[in-house]
Amino acid sequence: MREQYRSQDFTEKDLAARPMDQFARWFRQVAAGGMLHEPNAMVVSTATPEGRPSSRTVLLKHYDDRGFVFFTNYGSRKGRELTANPYASLLFPWHPLARQVIVTGSAARVGRDETVAYFRTRPHGSQLGAWASEQSSVVGSREELVGRYEELDARYPEGEKVPAPPQWGGFRVVPETVEFWQGRENRLHDRLRYVREGTGWRVERLCP
């Protein structure tokens, strides 16, 4: 199982001055191309203070010059691990374009106002689901989970304002490095990485 990547050149002269501008450029291309069902899907990797890692796919909900934002239950495994050890890695696996973006940095909770504003944009069912699921905890059966949801649905019918759960909110990953990976022929891939230096960024090329 091997594919020969035949992509265009990706060189230092192609890069934006800042990594978030370059990410926006690639993200727009991926989203507009229609080749990926969820271009904002990313693999979030965290670790315990002892260094035991875990990974899962999460949807990116916002990005800007400050970093990458996603939302979760703070009591979930990733929420607990980020609270104890804020360092994280994000991976955007855009395989149809032979591209990846790999981010390393530290995560911090977003403000409550930002969490509530985003929660208001979620579909009614997703709002109820955030209350019904004690994410990453053991549940006896699916029927038990559905039962919790149905109780909430009776309490907050469609059109009723659902409050944002106190244990649920956003994390912003502030990047320290951002690597843009472009697959190339003969496995001579282009890997260009931004590294934070003070208030600016240094670009370095990595061997594939």
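Refer to the structure presented above.
These figures come from a predicted structure and were not determined experimentally.

The rules behind each value
- Residues numbered from 1 in each chain as written.
- Predicted model: local features only at pLDDT ≥ 70, side-chain atom pairs only at ≥ 80, totals over all residues.
- Heavy atoms only, no water.
- Helix = DSSP H or I, 4+ residues; strand = E, 2+ residues; numbered from the N terminus.
- Phe/Tyr/Trp six-rings, centres within 6.5 Å; stacked < 30°, edge-to-face > 60°.
- Buried < 20%, exposed > 50% of the residue type's maximum accessible area, 1.4 Å probe, protein only.
- Contact = heavy atoms within 4.5 Å.
- Polar contact = N/O pair within 3.5 Å; in protein donor to acceptor, adjacent residues only side chain to side chain.
- 1 Å grid on protein atoms, 1.4 Å probe; cavity = no way out; pocket = protein on both sides within 12 Å on 5 of 7 lines; lining within 4 Å.
- Points joined across faces, edges and corners; volume = space filled by probe spheres on them.
- Nonpolar A, V, L, I, M, F, W, Y, C, P; charged D, E, K, R; others polar.
- Arc of directions from axis to C-beta.
- Patch = residues over 30% accessible without salt bridge, like charges linked within 9 Å, V, L, I, M, F, W, Y side chains within 5 Å.
- Areas by Shrake-Rupley, 256 points an atom, 1.4 Å probe, with all protein chains shown as cover.
- Salt bridge = Lys/Arg side-chain N within 4 Å of Asp/Glu carboxyl O.
- Lys, Arg positive; Asp, Glu negative; His and termini not counted.
- Charge placed at Lys NZ, Arg CZ, Asp CG, Glu CD.

Colleague: Any chance you could explain unusual backbone geometry here in plain terms?
Modeller: Most of the time, phi is negative for any residue but glycine, and the peptide bond is trans. For alanine 98, which is not glycine, the phi dihedral falls at a positive 55 degrees. Turning to its location among the elements, alanine 98 is positioned in the loop between β5 (87-94) and β6 (99-109). The backbone of arginine 187 sits at a positive phi, close to 65 degrees, despite the residue not being glycine. Note that arginine 187 resides in the loop between β7 (168-182) and β8 (190-197).

Colleague: Sorry if this is basic, but what is going on with the packing of aromatic side chains here?
Modeller: Working definition: an aromatic ring pair is given by the centre-to-centre distance plus the angle between the planes. Following the criterion strictly, the structure yields 18 aromatic pairs and no others. Taking 5.0 Å as the distance between ring centres and 40 degrees as the angle between the ring planes, the aromatic pair formed by phenylalanine 10 and tryptophan 26 counts as tilted. Highlighted residues: phenylalanine 10 in the segment before α1 (19-33) and tryptophan 26 in helix α1, separated in sequence by 16 residues. Its relative accessible area of 5% is what places phenylalanine 10 among the buried residues.

Colleague: Would you mind showing me how to read the environment of threonine 104 here?
Modeller: Along the polypeptide, threonine 104 turns up in strand β6. It is 12 Å that separates the C-alpha atoms of threonine 104 and phenylalanine 92, two residues lying 12 residues apart in sequence. Ignoring anything within four residues of it in the chain, the contact list for threonine 104 reads Ala88, Ser89, Val174, Pro175, Glu176 and Thr177. A distance of 2.4 Å separates polar atoms of two side chains, one belonging to threonine 104 and the other to threonine 177.

Colleague: Explain the layout of surface pockets here, please?
Modeller: To locate leftover empty space, one rolls a probe as large as a water molecule over the atoms. When its volume is computed, the largest pocket comes out at roughly 300 Å³. Phe71, Thr72, Arg122, Gln135 and Trp168 are, among the 15 residues lining the largest pocket, the residues nearest its centre. Taken together, the elements giving at least two residues each to the lining of the largest pocket come down to β2 (53-59), β4 (67-73) and α4 (124-132). Looking at the lining of the largest pocket, its residues break down into six nonpolar, six polar and three charged. Size it by volume and the second largest pocket reaches roughly 170 Å³. Take the lining of the second largest pocket: its biggest share by element is four residues, from α1. Looking at side-chain class alone, the lining of the second largest pocket contains two nonpolar, five polar and four charged residues.

Colleague: Hey, could you run me through helix α3 (residues 112-119) in this one?
Modeller: Each full turn of the α-helix corresponds to 3.6 residues, which orients residues three or four apart in the same direction. Inspection of α3 places Thr115, Tyr118 and Phe119 among the buried residues, and these make up the whole buried set. Angularly, the buried residues of α3 cover 100 degrees about the axis, an arc narrow enough to put them on a single face. Summarising the contacts, the buried residues of α3 are in contact with β4, α4 and β7.

Colleague: How should I be thinking about the environment of serine 141 in this particular structure?
Modeller: Structurally, the position occupied by serine 141 is in the loop between α4 and α5 (142-155). Under the relative-accessibility criterion, serine 141 is labelled partly exposed at 28%. Separated by 14 residues in the primary sequence, serine 141 and arginine 155 have C-alpha atoms spaced 22 Å apart. Here the side chain of serine 141 touches glutamate 144 through a polar contact of 3.1 Å, landing on its backbone nitrogen.

Colleague: I keep staring at a negative patch on the surface and nothing clicks. Help me out?
Modeller: A cluster of acidic residues, Glu150, Glu151, Asp153 and Glu158, forms a negative patch at the surface. Note that glutamate 158 resides in the loop between α5 and β7. By relative accessible area, glutamate 158 is classed as exposed at 67%.

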